Amino acid sequence: MPPALVNVQAVYDDSNVPCTIERYFHCARCLSELREGRDERGQPITPISARDYSRTQIGITPRGWQVWCARHDCNITTITLRPKAQPKGGR
Ligand SMILES: [Zn+2]
């Protein structure tokens, strides 16, 4: 399978790039702990938003992207890119 074609643009100046995220990825275990008010060791968690509690890492994989929970060291989701369709006729 040929590698997925993707154009990744690293933008470090965030002043002109608004957040257009409509839905977020969260770790199910983190959300469960927030609901229960206790972390995985049973220690109480101060009420906090999922955004502030999460410790997610997002990175590029050989086939797309992966969202990883650093707190629980587990996969949240993978986003796999399909190879770009080649035009008929071999071009
Ligand atoms: Zn987690």
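Every value quoted in this text rests on a predicted model; they were computed, and no experiment measured them.

Visitor: I'd like a description of the overall build of the protein, backed by residues and values.
Guide: The helix and strand inventory of the protein stands at 2 helices and 3 strands. Ordered by position from the N terminus, the helices and strands of the protein form the series α-α-β-β-β. Put simply, the protein has 91 residues, and 3% of those count as buried. Considering only contacts in the protein between residues 6 or more positions apart, those separated by 24 or more positions represent 39%.

Visitor: Give me the lowdown on the pairing of strand β2 (residues 64-69), citing residues and values where you can.
Guide: Across 6 bridges, strand β1 (residues 56-61) lies against β2 in antiparallel orientation. In the sheet register, I60 faces β2, and the bridge partner there is W65. The antiparallel hairpin formed by β1 and β2 contains 2 residues in its connecting segment. Judged from the 6 bridges that link them, β2 and strand β3 (residues 74-80) form a sheet pairing that is antiparallel. Looking at β3, one finds that W65 is bridged to I79. Between the antiparallel neighbours β2 and β3 lie 4 residues, among them D73 with a positive phi of about 55 degrees.

Visitor: An account of unusual backbone geometry is requested, with residue identities and associated values reported.
Guide: Look at D73: it is not a glycine, yet its phi comes out positive at around 55 degrees. Following the sequence through the fold, D73 ends up in the loop between β2 and β3.

Visitor: Explain the sheet that holds β2 to me, using residue names and the numbers behind them.
Guide: Pairing is antiparallel across the open sheet formed by 3 strands, whose spatial order is β1-β2-β3. Edge positions in the sheet fall to β1 and β3, since each has one partner strand and no second. On average, each strand axis in the sheet is inclined to that of its neighbour by 20 degrees, with strand direction left out of account.

Procedures and definitions
Residues numbered from 1 in each chain as written. Predicted model: local features only at pLDDT ≥ 70, side-chain atom pairs only at ≥ 80, totals over all residues. Helix = DSSP H or I, 4+ residues; strand = E, 2+ residues; numbered from the N terminus. Buried ≥ 20, exposed ≤ 12 C-beta atoms within 10 Å, placed from the backbone. Contact = placed C-beta atoms within 7 Å. Pairing = 2+ DSSP bridges. Axes fitted to C-alpha atoms, helices over the stretch in contact; angles between N-to-C directions.

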